[in-house]
Amino acid sequence: MTYTPAPVGQPPARSGWSGGRVFSVVLGAVLLLVALALVVGSTIALVWSGTQRTGGYLTSGTVRFSSGGYAVTSDRIELAGTGRELDRLLGTVRIRATSVQSDQGVFVGIAPAESVDGYLAGVAHSTVRRFEDHGRVSYHQVSGGSPATPPVGQSFWTVSAVGPGTQTVTWKARSGTWSIVLMRPDGAPGVSVRADLGATVPALPWLAGGVLLLGVLIGAGAVLLLVIPLRRVGRQLDPSATRY
């Protein structure tokens, strides 16, 4: 009797997509999206900062602030860091304010928040809470009476300006808790002012440039994570392909 061995089945064809290669491609795709976002975002920041600068200041749009009380104040502004750190991040801060009523002057001042709170204790005023669409401002209204004395001549102001037309204050930002105040020079009720805020922000180009470089590096790594497994899968599916 002649023994005939049973035919041996061919092993199933391999797709070449191991778990590690799939993970590499997925991770590469995610990192490529992150890199694209970083590159686009940093480029927009660089272009925007260049177009929005006036006189060396990165300036906001002009916003109208108003109150039926005696003052408009910012919410508390908390800054932390050494003078050198804040000089690099913010540089010089500038506020420009103009009374909506041409026959009225305007007072604008920056002072420690505690001093402003003490001065306006029991005084009717409006505190800015947030900025909304189309230049609108949301306020927290504080009821009360009139201030005991006008803002002019108070000794607690770190910087201030008063008079008709456009008044400008510039300030080197320092660590602490601060408030910005807009009033009429005589301390009368009915504040209506157009103002903008600017800062030199010397660190912005460096920060945007660093983010751009980070995006390029992440993008290069993402390309490697995508290309290497795809090439290996291609070689495995086509054995006649040239091997390197």
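What counts and what doesn't
- Residues numbered from 1 in each chain as written.
- Predicted model: local features only at pLDDT ≥ 70, side-chain atom pairs only at ≥ 80, totals over all residues.
- Heavy atoms only, no water.
- Core = buried A, V, L, I, M, F, W, Y, C linked by side-chain atoms within 4.5 Å.
- Buried < 20%, exposed > 50% of the residue type's maximum accessible area, 1.4 Å probe, protein only.
- Helix = DSSP H or I, 4+ residues; strand = E, 2+ residues; numbered from the N terminus.
- Contact = heavy atoms within 4.5 Å.
- Phe/Tyr/Trp six-rings, centres within 6.5 Å; stacked < 30°, edge-to-face > 60°.
- Lys NZ or Arg CZ within 6 Å of the ring centre and 35° of its normal.
- Pairing = 2+ DSSP bridges.
- Salt bridge = Lys/Arg side-chain N within 4 Å of Asp/Glu carboxyl O.

Q: Can you help me understand the nonpolar core in this one?
A: The biggest cluster of nonpolar side chains holds 25 residues, and the ones touching the most others in it are Phe65, Ile110 and Trp171. Where this core is concerned, the elements lending two or more residues are strand 3 (63-67), strand 6 (92-99), strand 7 (106-112), strand 9 (137-142), strand 10 (159-163), strand 11 (166-172), strand 12 (176-183) and strand 13 (191-199). If sequence neighbours within four positions are ignored, Ile110 has contacts with Ile95, Trp157, Thr158, Val159, Val169, Trp171, Trp178, Ser179 and Ile180. The next biggest cluster of nonpolar side chains, apart from the first, holds 13 residues, and it includes Tyr70, Val116, Ala124 and Trp157.

Q: Explain the packing of aromatic side chains here, please?
A: Note on aromatic pairs: each is described by the distance of the centres and the angle between the planes. Tallied over the full model, the rule gives six aromatic pairs. With a centroid separation of 6.0 Å and an interplanar angle of 85°, the aromatic rings of Phe65 and Phe131 are classed as edge-to-face. Note that Phe65 is positioned in strand 3 and Phe131 in strand 8 (residues 125-131), a separation of 66 residues in sequence. Geometry around Tyr57 places Arg94 over its ring, the cationic atom sitting 4.3 Å from the centre.

Q: Which parts of the structure should I look at to understand the environment of Thr82?
A: Mapping Thr82 onto the fold places it in the loop between strand 5 (77-79) and helix 2 (83-89). Take Thr82: its relative accessible area is 43%, and that puts it in the partly exposed class. Along the chain, Thr82 and Arg174 lie 92 residues apart, while their C-alpha atoms are 7.4 Å from each other.

Q: How should I be thinking about the pairing of strand 7 in this particular structure?
A: Consecutive side chains along a regular strand alternate between the two faces of the sheet. The buried count for strand 7 comes to six of seven residues, which makes it a mostly enclosed element. Summarising the sheet, strand 7 and strand 10 pair through five bridges and their orientation is antiparallel. What sits directly across from Val108, in strand 10, is Ala161.

Q: How do you make sense of the pattern of salt bridges when you look at a structure like this?
A: Side-chain pairs of opposite charge can arise where the charged atoms are in close proximity. In the structure shown here, the tally under the stated rule is four salt bridges. Note that Arg129 and Asp75 form a salt bridge whose closest N and O atoms lie 3.0 Å from each other. Taken together, the residues Arg129 in strand 8 and Asp75 in the loop between strand 4 (72-73) and strand 5 connect sequence positions 54 residues apart. What makes Asp75 partly exposed here is its relative accessible area of 34%. A salt bridge links Asp117 to Arg76; its shortest N-O distance comes to 2.5 Å. Placement of Asp117 in helix 3 (residues 113-119) and of Arg76 in the loop between strand 4 and strand 5 is noted, with a sequence separation of 41 residues between them. On the basis of relative accessibility, which here comes to 39%, the residue Asp117 falls in the partly exposed class.

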